[in-house]
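# Observations on the model geometry
Next come the chains, spelled out residue by residue.
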Amino acid sequence: MRYNNKTLLSFSAAALCVGMISSASAATLDEVKERGELRCGVNVGLSGFSSPDQEGTWQGLDVETCRGIAAAVLGDAEAVSFTPLTAKERFTALQSGEIDVLSRNTTWTATRDNSLGLNFTATTFYDGQGFMVAKDLGIEGPEQFDGASICIQSGTTHELNLADYFPSRGIDIQTVTFDTPDQTAQGFASGRCDILTSDTSQLSALRLQLPEPDSVEILETLISKEPLGPVVRQGDDQWLDIVQWSIFAMINAEELGVNRDNVDDMQANPSNPQVARLLGVDGNYGEQLGVDKDWSYQIIKQVGNYGEVFASTVGTDSPMQISRGVNALWDEGGILYAPPIR
């Protein structure tokens, strides 16, 4: 084959692009390792997902996801700094490099995934937009909302969902917007609106903050799909894989019956080949990701499997008392499913 200058220039450009992509792909991992700390963006305060406790220690499902990533990359689940972000601030913080990963009850949508220079990694909580109302109003569903005012947080998919849902049904509503979830709940409690809308998980958390939680109820009707999960910057495939597979490891661990209490025994004496691969006894899956061989062992030992994290943050062992529902494993009636480690 004969090569002219144009062909050689094309090859050179392609090689340069490959080099740039290869260099970019390792950037975040190298920075996190050099820093010795993962920088994670979380909600400013949402019970069950990300909020500081009385000692100032961050707790919640999104927080534990960050700790799992830190355990995988640094071998230390506590090597994380948390940056509280509002809905309006969250994407800019990730785009600018202020944080390494955004784990902040953020809905995966086409626009966000395709136009912001960001990549969603995996779904950690399947949710849907719902409504909370005072019980004494006797409201059973959105068809009774005509003329009502609705408290809503700005900068969220919830605003768009309302615009899709109500006009097409000839239902007239008024929205009252706030910057943070707490402000939204306060507006509802003070009578600024008739109805509070958000993801049902967030409504469950905000309900606990109200002066009289038992006086309100969350309606059964959902008007949207809200798959929530961590987000990373585009152009960094290795970091995308690490965040993604940290989550997959927690889900696979629950499916395989590996938890914080038995992970040492399981690593010493794997019950089957899947467990051996999960815990680094067999295969070189850590090397493929650019982390240590025991990356997933560290996640499970220090943070737990997905079921343990769910129960302690939003489930039966928490004040939230959210049932697993669609967030149950695929073989237990839910849709939670992780690719196999093999």
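Quick notes on the rules
Residues numbered from 1 in each chain as written. Predicted model: local features only at pLDDT ≥ 70, side-chain atom pairs only at ≥ 80, totals over all residues. Heavy atoms only, no water. UniProt positions renumbered as here; feature names shortened; annotations may be inferred. Helix = DSSP H or I, 4+ residues; strand = E, 2+ residues; numbered from the N terminus. Rg over C-alpha atoms; globule rule 2.2 N^0.38 Å. Buried < 20%, exposed > 50% of the residue type's maximum accessible area, 1.4 Å probe, protein only. Contact = heavy atoms within 4.5 Å. Areas by Shrake-Rupley, 256 points an atom, 1.4 Å probe, with all protein chains shown as cover. Lys, Arg positive; Asp, Glu negative; His and termini not counted. Charge placed at Lys NZ, Arg CZ, Asp CG, Glu CD. Salt bridge = Lys/Arg side-chain N within 4 Å of Asp/Glu carboxyl O. 1 Å grid on protein atoms, 1.4 Å probe; cavity = no way out; pocket = protein on both sides within 12 Å on 5 of 7 lines; lining within 4 Å. Points joined across faces, edges and corners; volume = space filled by probe spheres on them. Nonpolar A, V, L, I, M, F, W, Y, C, P; charged D, E, K, R; others polar. Domains from an automatic or database assignment. Pairing = 2+ DSSP bridges. Right-handed = clockwise from strand over helix to strand, strands pointing away. Arc of directions from axis to C-beta.

For the protein chain, the name recorded in an unreviewed UniProt entry is Amino acid ABC transporter substrate-binding protein (PAAT family), with Halomonas ventosae as its organism. As stated in UniProt under Sequence similarities (unreviewed entry), the record for the protein chain gives "Belongs to the bacterial solute-binding protein 3 family."

Time to look at the overall build of the protein chain. Assigned secondary structure in the protein chain consists of 14 helices and 14 strands. Taken over the C-alpha trace, the protein chain has a radius of gyration of 22 Å; the compact-globule value for 342 residues is 20 Å, and the two agree within 12%. When the backbone C-alpha atoms are referred to their principal axes, the protein chain occupies close to 75 × 60 × 40 Å. Counting the 342 residues in the protein chain, one finds 52% classified as buried. Once local pairs closer than 6 in sequence are excluded, the contacts in the protein chain between residues at least 24 apart make up 71%. In the structure as shown, the protein chain presents an accessible area of about 15,700 Å², 48% of it carried by carbon and sulfur atoms. Treating the 22 positive side-chain charges of the protein chain as one cloud and the 47 negative ones as another, the clouds have centres 8 Å apart.

In the structure shown here, the tally under the stated rule is eight salt bridges. We note a salt bridge from Arg39 to Asp100, for which the minimum N-O separation is 4.0 Å. Within this pair, whereas Arg39 is found in strand β1 (residues 38–43), its partner Asp100 is found in the loop between α4 (90–95) and β5 (101–102), the two being separated by 61 residues in sequence. Of the residues examined, Arg39 reaches a relative accessible area of 23% and is grouped as partly exposed. A salt bridge links Arg67 to Glu78; the nearest nitrogen and oxygen atoms lie 3.8 Å apart. Taken together, the residues span a long stretch of sequence, with Arg67 in helix α3 (residues 61–74) and Glu78 in the loop between α3 and β4 (80–85) at a distance of eleven residues. With relative accessibility at 54%, the residue Glu78 sits in the exposed group.

A complete count under the given rule lists three cavities of 30 Å³ or more for this structure. Counted as a void, the largest cavity has a volume near 90 Å³. As for the largest cavity, its lining consists of 13 residues, of which Arg90, Asn105, Thr156, His158 and Asp199 are closest to the centre. Each residue belonging to the lining of the largest cavity can be placed in one class, and the counts come to one nonpolar, eight polar and four charged. Here the lining of the largest cavity spans two domains, and each of domain 1 (31–124 + 229–327) and domain 2 (128–226) adds at least three residues to it. Within this model, the second largest cavity holds a volume of roughly 50 Å³. Breaking the lining of the second largest cavity down by element, the ones donating at least two residues are α3, α9 (237–256) and α14 (306–313). Looking at the lining of the second largest cavity residue by residue, the class counts come to five nonpolar, two polar and no charged.

Looking now at unusual backbone geometry. Look at Asn105: it is not a glycine, yet its phi comes out positive at around 25°. Here Asn105 shows up in the loop between β5 and α5 (110–115). Of note in the backbone geometry, Gln321 takes a positive phi value of approximately 55° without being a glycine. By the element assignment, Gln321 lies in the segment after α14.

A few words on the pairing of strand β9 (residues 149–153). Buried residues dominate β9, accounting for five of its five residues. Judged by which residues are buried, β9 turns out to be covered on both faces: Ser149, Cys151 and Gln153 on one side and Ile150 and Ile152 on the other are all buried. Pairing of β9 with strand β10 (residues 174–178) involves five bridges; the strand directions are parallel. Paired with Ser149 across the strands is Gln174, a residue of β10. Taken together, β9, helix α6 (residues 157–165) and β10 form a β-α-β motif whose crossover is right-handed.

In this section: helix α7 (residues 181–189). Within α7, the full set of buried residues consists of Pro181, Thr184, Ala185, Gly187 and Phe188. For α7, the arc enclosing every buried residue in end-on projection is 160°, short of the 170-degree limit, so these residues lie on one face.

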